Each structure stands twice: as structure tokens, then as C-alpha cells.
Amino acid sequence: MRLYGVGNVIIDLTLPVPTIPGPGQDVIADGAEYQVGGTYNTLVAAVRHGLASVYAGAHGTGPFGDRAREGLREDGIGLAHAPTPGRDTGFDVALTQRDGERSFVTVFGAEAELSAAQLQTLHPEVGDIVYVSGYGLLPRTNADAIAQWLTVLPSQILVLVDPGPLVAQIPPAVWRTVEARSSWLSCNRAEATILTGIDDSSQAAIALGRKVAHVVVRDGAAGAWLCLDEAAQLVEGIAVKVVDTNGAGDAHCGSLMAALARGESPERAVRIANACAALAVTRFGPATAPTLAQTLAALD
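Keep in mind the model is a prediction, meaning the values are calculated, not measured.

Analysis parameters
- Residues numbered from 1 in each chain as written.
- Predicted model: local features only at pLDDT ≥ 70, side-chain atom pairs only at ≥ 80, totals over all residues.
- Heavy atoms only, no water.
- Pairing = 2+ DSSP bridges.
- Helix = DSSP H or I, 4+ residues; strand = E, 2+ residues; numbered from the N terminus.
- Buried < 20%, exposed > 50% of the residue type's maximum accessible area, 1.4 Å probe, protein only.
- Right-handed = clockwise from strand over helix to strand, strands pointing away.
- Salt bridge = Lys/Arg side-chain N within 4 Å of Asp/Glu carboxyl O.
- Axes fitted to C-alpha atoms, helices over the stretch in contact; angles between N-to-C directions.
- Parallel < 35°, antiparallel > 145°, perpendicular 65-115°, else oblique.
- Left-handed = near helix turned anticlockwise from the far one by under 90°.
- Contact = heavy atoms within 4.5 Å.
- Nonpolar A, V, L, I, M, F, W, Y, C, P; charged D, E, K, R; others polar.
- Phe/Tyr/Trp six-rings, centres within 6.5 Å; stacked < 30°, edge-to-face > 60°.

Chemist: Help me understand the sheet that holds strand 10 (residues 184-188) in this model?
Modeler: The strands that make up a sheet are held in pairs by hydrogen bonds between backbone atoms, and each pair lies either parallel or antiparallel. Taking strand neighbours across the sheet as the criterion, the nine strands line up as 5-4-1-8-9-10-11-12-13 in an open arrangement whose pairing is mixed. Each edge of the open sheet is held by one strand with a lone partner, namely strand 5 (78-79) and strand 13 (231-236).

Chemist: Explain the pairing of strand 8 (residues 129-133) here, please?
Modeler: On a regular strand, each side chain points to the face opposite its neighbour's, so the side chains alternate between the two faces of the sheet. Among the five residues in strand 8, five count as buried, and that is most of the element. Burial along strand 8 is two-sided: the residues Ile-129, Tyr-131 and Ser-133 and Val-130 and Val-132 are all buried. Pairing analysis gives three bridges linking strand 1 (residues 2-5) to strand 8, with the strands arranged parallel. The residue bridging Tyr-4 from the neighbouring strand is Val-130, located in strand 8. Two strands pair when backbone bridges link them, and strand 8 and strand 9 (residues 158-162) are joined in this way by five bridges, in the parallel orientation. Across the sheet, Ser-133 pairs through a bridge with Asp-162, a residue of strand 9. Each parallel crossover has a hand, and for strand 8 linked through helix 4 (residues 143-152) to strand 9 it is right-handed.

Chemist: Any chance you could explain the pattern of salt bridges here in plain terms?
Modeler: Applying the stated rule across the entire model yields eleven salt bridges. Note that Asp-199 is salt-bridged to Arg-189, the shortest N-O span being 3.6 Å. Residue Asp-199 is located in the loop between helix 6 (189-196) and helix 7 (201-209), and its partner Arg-189 is located in helix 6; the two are separated by ten residues in the primary sequence. According to the relative accessible area criterion, Arg-189 is partly exposed, its value standing at 34%.

Chemist: Can you help me understand the packing of helix 6 against helix 7 in this one?
Modeler: A pair of packed helices is captured by two measures, namely the crossing angle of their axes and the spacing between those axes. One way to put it is that helix 6 packs onto helix 7 with a least axis distance of 9 Å and a crossing angle of 55°. On the basis of the axis angle, helix 6 is oblique to helix 7. For the element pair helix 6 and helix 7, the recorded crossing hand is left-handed. Contacts from Arg-189, Ala-192, Leu-195 and Thr-196 of helix 6 reach helix 7 at Ser-201, Ala-204, Ala-207 and Leu-208. Per-class residue counts for the contact of helix 6 with helix 7 are five nonpolar, two polar and one charged.

Chemist: What's the story with the packing of aromatic side chains in this structure? I'm lost.
Modeler: Two numbers describe a pair of aromatic rings. These are the distance of the centres and the angle of the planes. This structure, assessed with the given rule, holds two aromatic pairs. Geometrically, the ring pair formed by Tyr-34 and Phe-64 is tilted, given 6.1 Å between the ring centres and 40° between the ring planes. Remark: Phe-64 occurs in helix 2 (residues 63-74) and Tyr-34 occurs in strand 3 (residues 33-38); sequence separation between them is 30 residues. Relative accessible area serves as the criterion here: at 53%, Tyr-34 is assigned to the exposed category. Between Phe-64 and Phe-91, the ring centres sit 5.5 Å apart and the planes meet at 55°, which makes this aromatic pair tilted. Highlighted residues: Phe-64 in helix 2 and Phe-91 in strand 6 (residues 91-96), separated in sequence by 27 residues. Here Phe-64 falls in the partly exposed class, since its relative accessible area comes to 22%. The class of Phe-91 is partly exposed, set by a relative accessible area of 29%. Through pairs of rings, three or more aromatic residues link up here, namely Tyr-34, Phe-64 and Phe-91.

In short, geometric facts, not functional conclusions.
Here you go:
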């Protein structure tokens, strides 16, 4: 079994700051790090939980592309495509406040030029999982190519979609196509509200569950709402001291898919994912998912 990630692997410039500056203001960062991020965070979480993974998105030629490939190789994540000539991989600036909340400014690069021809070279088999990130469904990225590819993907392939914080910018026609092919939908409370107009996690999960068979609405420290057959239940999280929320949703998705691939029940899989995401936010940086052994120990 393998996980194919068709999202965007980019480079994160992570800056811990006391607060986000307002217009005309300035702040001094407490440091800076260049790290591989984006869909890489999800793939790393899956690998650390025992699920072999392949980055099936695009990547560029240049220093950021080189760093992205180096990070993928170091973690044993496969590459489905050759580098895109003439353009480097994109990056973002991730500002993390001392309360753990983060803000992003993103610059797209070669990862936003994944072609239909590249997607057609992918042949997931029964038992494999496809991960789709909302960042790859934006008009400026790979919306049309990914949506079209999903329509011809065999129905036996499990597809998990994380719409991401920019879900409101996904073209409605693209979203309808992706939603119709989703086996699982995983989003946080804010994203669920955007998708449904409902500011209640459980009710939003139920509304989403009328269209997608398996829905997870991540609700911070409370845990996550799991909706099956239009009935929602809260799968509780574990209490931790938050250091950096960057990558928490990615860790949740990656560990959730690994648990499902192992044959865990939906409730057990979400419980494991809750613990993985909780431990991830106790560490600074985006790709901070713990191993499966560390995650299971936190549940004991």
C-alpha cells in the first residue's frame, strides 16, 4: 500500500515572532529556519506511521527544488516526476506567534504547474490512497488537472481531501467534482464553516457528511468530530502545551491515512490522528509529526 500526495511541496521560511505586525509596524523574529513543508508534512507523518509515500506533485529546478528533493529523499518519500525545467519550487513565510498560532504568505513556483500528462502517468492500485490538498485546487495552481484526473481514478482507490484554509478560493465547479470523488474529507472548524455556513463543528460535520461518506472536522484541543452515515461523534483529543500549530492538520491527515491503511476502524484512526497532531504542536516547525510508537504511547 502506498500514499500518493498530489499537493504542493514547498519550502517554509519559519519565523517565530512575538506578534504579527500591523500595517506600518515592525517586529524582531526570534530566529529563522528553512524547512521543507506543504504536502511534505503530510507525507512525513504517513511515513512515520508506517505508510510508504510518494510525492506525485511537481517540483522545480533551483535551490528550493533541490532542498525539497533532499528532504523527500531523507525521509524515504518517493518522487513520481522529474523536476520541471526553468522554474524553482515555491516557498512561504510562516510567522508563528508565541501562543502557537501561525500566519502564512505563499509564493507559488513549479509545484503550481502539475500537468494532466504527469497525472496520467500515475497508476494507484487497490489499497493505495490518494491525498489531495486544497492548495493544489486553486485557480493559480492545479485545479483543473487534479479535478479531471480524479474523475477517471478507479472507484476502489481511497481519496482523502483536505480543503485547507483557502477553500473559499477553490472554484465551485472544481470543488463539486473533488467532493463527489472524495472518500474522506478532513478539515478544521473554520474550513467546515466556510464550506457549510454552519458555525458548529458537529452540525457542520453532519452537513458535509450528506455529500462525503467519511468526514472529520478537527476542533483543536477538543479533538475531532467524525461523521459516518450522517451521525457525528466527538473523538476526544489529548491535552498538551501548544508551541507551534504549523503542520498540525497535516500531521492529522498523514497519520489518519496510515491508520486506515493498517485497517484501523474510523474511530480508532481518528483517535490516533488526534494524538499525533497534539504531539506535533508541542514542537516548533511544520514537519513535527511523532512516530507511530510515540503516538500510541501518548494514548496509553
